Amino acid sequence: MSYNLAPLQNLIEQFERMQGIGQKTAQRMAFYVLGLSDAEAKEFAKAITDAHTKIKQCKVCCDLADGDLCPICKADNRDRSVICVVEDPRDVAAIERTHEYKGLYHVLHGAISPMDNIGPDQIRVKELIARLGSGEVEEVIMATNPTVEGEATAMYISRLLKPMGITVSRLAYGVPVGADLEYADEVTLSRALDGRSII
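Just so it is clear, the model here is predicted, and its values are computed rather than measured.

### Some points on the nonpolar core
Counting 33 residues, the largest nonpolar core has Cys84, Val85, Leu132, Val140 and Ile157 as the members making the most contacts within it. The set of elements that each furnish at least two residues to this core consists of helix H4 (71-74), strand S3 (79-86), helix H5 (89-96), strand S4 (103-107), helix H6 (125-131), strand S5 (139-142) and helix H7 (148-161). Top contributing element to this core by residue count: S3, with five residues. Sequence-distant contacts of Cys84, defined by excluding residues within four places in its chain, comprise Ile95, Tyr101, Leu104, Tyr105, His106, Ile141 and Ala143.

Have a look at this one:
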């Protein structure tokens with residue numbers, strides 16, 4: 001539905017530009033913003049501006065930071081012998097929610113995708129290689145997405161790291177908890193079999 005009010009229509013269109021936000025959700029968000037008081041609207045706008053201007057990339061792992069280093073790189077209690085390589089800062093947040101991983105991260109900010117003209121130079125591979133020169137890192141966990149691009153990226157990086165004597169591992173993929181086997185696709189079942197463990 002299009003509105004004749006240009007500012008409202010522009011606000012809806014801005015929300016629609018967000019990944020995963022459709023027209024109806026964008027309209028709800030726009031009307032929510034319209035319902036804010038002047039003070040709340042200014043606070044909302046300031047939060048957007050502050051996030052855009054104050055958040056940058058960590059100088060070590062390329063994750064999001066509000067200073068030179070992100071909180072994980074600053075932490076003294078992290079295992080510095082292991083680096084988990086992910087495509088996106090959101091992946092760091094997802095892994096951290098498990099409370100299981102205690103090592104460091106490296107965020108690539110993308111994956112190799114020749115179809116989109118994204119090669120190794122367009123993602124943070126050089127920064128990862130530079131981190132490994134100290135000899136402190138013993139294992140790199142490839143936690144890129146289980147897509148063609150994610151797999152290509154994992155294979156490319158693993159080939160670079162093998163001569164350095166660093167163990168390169170890959171996240172196991174398989175059947176999600178609570179799912180029925182009959183509904184799993186062949187690739188998922190194949191990965192589940194390959195990644196099976198002794199119980």
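### With respect to the packing of aromatic side chains
The final tally for this structure, using the stated rule, is one aromatic pair. Relative to Tyr105, the ring of Tyr101 has its centre 5.1 Å away and its plane inclined at 65°; by these criteria the two rings are edge-to-face. Given a relative accessible area of 14%, Tyr101 falls into the buried group.

### Examining the pairing of S4
In terms of burial, S4 is a largely internal element, five of the five residues being buried. Relative to S4, S3 is paired through five bridges, and the arrangement is parallel. Residue Val86 lies in a different strand from S4, and its bridge partner there is Val107. For the crossover from S3 across H5 to S4, the handedness is right-handed.

### Digging into the sheet that holds S3
Strand order in the open sheet made by the four strands is S4-S3-S5-S6, with parallel pairing throughout. The strands lining the two open edges of the sheet, one partner per strand, are S4 and strand S6 (167-170). Neighbour-to-neighbour, the strand axes of this sheet turn through a mean angle of 25°, independent of strand direction. Bridge count between S3 and S5: four bridges; the pairing is parallel. Bridged to Ile83 within S5 is Val140. Its contacts with the sheet put H5 on S3 and S4, and the angle it makes with S4 is roughly 155°. Contacting S3, S5 and S6, H7 crosses the sheet at an angle of about 165° to S6.

### What to know about H7
When the terminal C-alpha atoms of H7 are compared, their 20 Å separation across 14 residues agrees well with the 20 Å that a helix rising 1.5 Å per residue should span. For H7, the set of buried residues is Gly150, Thr153, Ala154, Ile157, Ser158 and Leu161. Relative to the axis of H7, the buried residues are bounded by an arc of 130° and lie together on one face. Exposed residues pointing more than 90 degrees away from the buried face of H7 are listed as Val148 and Arg159. Looking at the buried positions of H7, the neighbouring elements they touch are S3, H6, S5 and S6.

### Topic: the confidence of the model for the chain
Here the chain shows a mean pLDDT of 90. Residues at 70 or above account for 95%. Across the chain, the secondary-structure element scoring lowest on mean pLDDT is helix H8 (residues 186-194), at 76, and the one scoring highest is S4, at 97.

### A few points about the state of the cysteines
For the structure shown, the criterion picks out zero disulfides. Between Cys62, a cysteine without a disulfide, and Cys61, which holds the nearest cysteine sulfur, the sulfur-to-sulfur distance is 6.6 Å. Looking at Cys73, it has no disulfide partner, and the nearest cysteine sulfur is the one in Cys61, 3.7 Å off.

### Here we look at the pattern of salt bridges
Pairs can form between side chains of opposite charge whenever their charged atoms are close. Applying the stated rule across the entire model yields six salt bridges. Between Asp50 and Lys46 there is a salt bridge, and its shortest N-O distance comes to 2.6 Å. Here Asp50 pairs with Lys46, and both are found in helix H3 (residues 38-54), just four residues apart, close to one helical turn. Note on Asp50: relative accessible area 22%, which makes it partly exposed. A salt bridge links Asp68 to Lys59; the nearest nitrogen and oxygen atoms lie 3.6 Å apart. If you follow the salt bridges from partner to partner, you end up with Lys46, Asp50 and Lys54 in one network.

What counts and how
- Counting restarts for each chain, with residues numbered from 1 along the sequence as it is written.
- Only residues with pLDDT of at least 70 get local features here, since the model is predicted, and only at 80 or more are side-chain atom pairs given and counted; chain-wide, interface and lining totals rely on the full set of residues.
- Only hydrogens and water are set aside when side-chain values are computed; all heavy atoms of the structure are taken into account.
- Take the buried Ala, Val, Leu, Ile, Met, Phe, Trp, Tyr and Cys residues and link them wherever side-chain atoms come within 4.5 Å; each set so joined is a nonpolar core.
- Accessible area is worked out with a 1.4 Å probe on protein chains only. A residue is then buried under 20% of its type maximum, exposed over 50%, and partly exposed in between.
- The way it works is that DSSP assigns letters per residue, a run of H or I at least four long becomes a helix, a run of E at least two long becomes a strand, and they are numbered from the N terminus.
- Contacts are residue-level and defined by heavy atoms, with any inter-residue pair within 4.5 Å sufficient.
- Aromatic pairs are defined between Phe, Tyr and Trp rings, using the six-membered ring for Trp, whenever the two ring centres lie within 6.5 Å; interplanar angles under 30 degrees are classed as stacked, those over 60 as edge-to-face, and all others as tilted.
- By this definition, two strands are paired if DSSP reports at least two bridges between them.
- Handedness of a crossover: with both strands directed away from the viewer, a clockwise path from the first strand across the helix to the second marks it as right-handed.
- Think of each axis as a best-fit line through the C-alpha atoms, taken over the contacting stretch in the case of a helix, with angles from 0 to 180 degrees between the N-to-C directions.
- Expected span, for any helix, means 1.5 Å times one less than how many residues it has.
- The arc in question is the one traced by the directions running from the helix axis out to the C-beta atoms.
- Predictor confidence is given residue by residue as pLDDT, running from a minimum of 0 to a maximum of 100.
- What counts as a disulfide here is a pair of cysteine sulfur atoms lying within 2.5 Å.
- Definition used for salt bridges: Asp or Glu carboxyl oxygen within 4 Å of a side-chain nitrogen of Lys or Arg.

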